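One letter stands for each residue in the lines below.
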Amino acid sequence: KQEVTQIPAALSVPEGENLVLNCSFTDSAIYNLQWFRQDPGKGLTSLLLIQSSQREQTSGRLNASLDKSSGRSTLYIAASQPGDSATYLCAVDTGRRALTFGSGTRLQVQP
Amino acid sequence: NAGVTQTPKFRVLKTGQSMTLLCAQDMNHEYMYWYRQDPGMGLRLIHYSVGEGTTAKGEVPDGYNVSRLKKQNFLLGLESAAPSQTSVYFCASTEGTSGRSSYNEQFFGPGTRLTVL
């Protein structure tokens with residue numbers, strides 16, 4: 001059974017800092033990995049999707065990498081801003097055409 | 001495009017009552033999903049559908065039923081609500097693919113917050 005773990009569970013940083021969120025998964029036979037952002041009381045917003053054949057994806061200040069063989073992904077946020085404060089979720093598609101989620105990293109960026 | 005919409009946004013039920021949650025998408029997506037999110041546990045898959053008229057069980061299907069009579073709608077039913085079903089319910093959809101690979105990102109609705117007393 002696929003299990004997804006996100007470390008740390010919570011993170012507080014000062015504005016402007018570069019930071020890395022970690023995601024690990026137990027079964028390397030994935031089709032893709034997706035990073036989401038969730039604001040309190042809101043739904044999920046897709047940030048980046050990495051196909052199993054790709055090593056990384058970039059969107060603005062966000063960069064996500066994927067190492068399938070080691071079962072790891074990282075989300076890099078450059079020059080963090082208070083507006084980045086949210087919970088970040090990692091999810092993998094193991095071919096059931098549905099996602100297995102981690103429990104998230106709650107990020108707070110202090111002004 | 002409205003994307004994925006869910007009704008209702010909030011609901012309070014008493015134990016034993018029934019209700020139906022409605023999910024609608026206007027992106028002509030083939031695949032639709034129901035997840036539940038509990039504190040500290042991430043999202044877990046309840047049921048999903050890979051096309052009109054089809055449904056399948058996910059990780060935590062007990063106590064729920066679903067129907068996909070129209071491509072754009074996916075209904076989640078609770079026949080006899082229990083306090084353990086207090087949760088936030090999310091619907092999602094994706095375009096779907098042929099073959100075994102799924103390259104498309106999932107789009108989520110805003111969620112339904114359900115409390116069962």
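A short tour of the structure in this document, coming up. (Residues numbered from 1 in each chain as written. Chains lettered and ligands numbered in written order. Predicted model: local features only at pLDDT ≥ 70, side-chain atom pairs only at ≥ 80, totals over all residues. Heavy atoms only, no water.)

1. Describing the overall build of chain A
Quick note on the threshold: Note on conventions: DSSP H or I runs of at least 4 residues are helices, E runs of at least 2 residues are strands, and numbering of each starts at the N terminus. The atom set for the radius of gyration is the C-alpha atoms, and the globule formula is 2.2 Å times the number of residues raised to the power 0.38. Classification of residues uses two cut-offs on accessible area relative to the type maximum, computed with a 1.4 Å probe and protein chains only: under 20% is buried, over 50% is exposed, and between them is partly exposed.
In terms of regular secondary structure, chain A is built from zero helices and eleven strands. Secondary structure elements of chain A occur, N-terminal to C-terminal, as β-β-β-β-β-β-β-β-β-β-β. Relative to the compact-globule value of 13 Å for 111 residues, chain A shows a C-alpha radius of gyration of 13 Å, a close match. Each principal axis of the C-alpha distribution contributes one length, and for chain A these read about 40 × 25 × 20 Å. Here chain A holds 111 residues, and the buried ones make up 46% of them.

2. Observations concerning the state of the cysteines
Inclusion rule: Throughout, disulfides are identified as pairs of cysteine sulfur atoms within 2.5 Å of each other.
Under the defined criterion, the tally for this structure stands at two disulfides over all chains. Disulfide pairing places A:Cys23 opposite A:Cys90 at an S-S distance of 1.9 Å. With the S-S dihedral at roughly -55°, the linkage between A:Cys23 and A:Cys90 falls on the left-handed side. In this pair, A:Cys23 is assigned in strand E3 (residues 19-25) and A:Cys90 in strand E9 (residues 86-93), connecting sequence segments 67 residues apart. The exposure class of A:Cys23 is buried, given its relative accessible area of 2%. Disulfide pairing places B:Cys23 opposite B:Cys91 at an S-S distance of 1.8 Å. Residues B:Cys23 and B:Cys91 are joined through a disulfide that is left-handed, its torsion about the S-S bond being -75°. Residue B:Cys23 is found in strand E3 (residues 19-25), and its partner B:Cys91 is found in strand E9 (residues 87-94); the two are separated by 68 residues along the sequence. The class for B:Cys91 is buried, based on a relative accessible area of 0%.

3. Section: the nonpolar core
What counts here: Definition used in this section: a nonpolar core is a set of buried Ala, Val, Leu, Ile, Met, Phe, Trp, Tyr and Cys residues joined via side-chain atoms within 4.5 Å.
By size, the foremost hydrophobic cluster in this structure holds 22 residues, and its most contacted members are A:Phe25, A:Leu33, A:Trp35, A:Leu75, A:Ile77, A:Tyr88 and A:Leu107. If you list the elements that add at least two residues to this core, you get E3, strand E4 (32-38), strand E5 (44-51), strand E7 (62-67), strand E8 (72-77), E9 and strand E11 (105-110) of chain A. Within the second largest apolar cluster, 18 residues are counted, among which are B:Val4, B:Leu13, B:Met32 and B:Ala81.

4. Notes on the side chain of B:Thr94
Put simply, the rule is: Only heavy atoms enter the contact rule, under which two residues are in contact if any of them lie within 4.5 Å.
One can find B:Thr94 in strand E9. For B:Thr94, the contacting residues outside a window of four places in its chain are B:His29, B:Glu30, B:Tyr31, B:Tyr33, B:Asn104, B:Glu105 and B:Gln106.

5. Considerations on the interface of chain B and chain A
What counts, and what does not: Reported buried area values correspond to the accessible surface (1.4 Å probe) lost by two parts on association, with both partners' losses combined. By salt bridge we mean one thing: a side-chain nitrogen of Lys or Arg within 4 Å of a carboxyl oxygen of Asp or Glu. N or O atoms closer than or at 3.5 Å make up a polar contact, with two conditions inside protein: a donor-capable atom paired with an acceptor-capable one, and, for residues adjacent in sequence, both atoms drawn from side chains.
Each partner contributes to the interface: chain B provides 26 residues, whereas chain A provides 22 residues. Here chain B packs against chain A, burying approximately 1900 Å² in sum over the two surfaces, 50% of which is carbon and sulfur. Counting across the chain B and chain A interface gives one salt bridge. With its nearest N and O atoms 3.4 Å apart, the salt bridge here joins A:Lys1 to B:Glu59. Connecting chain B to chain A are four residue pairs in polar contact (both at pLDDT 80 or more).

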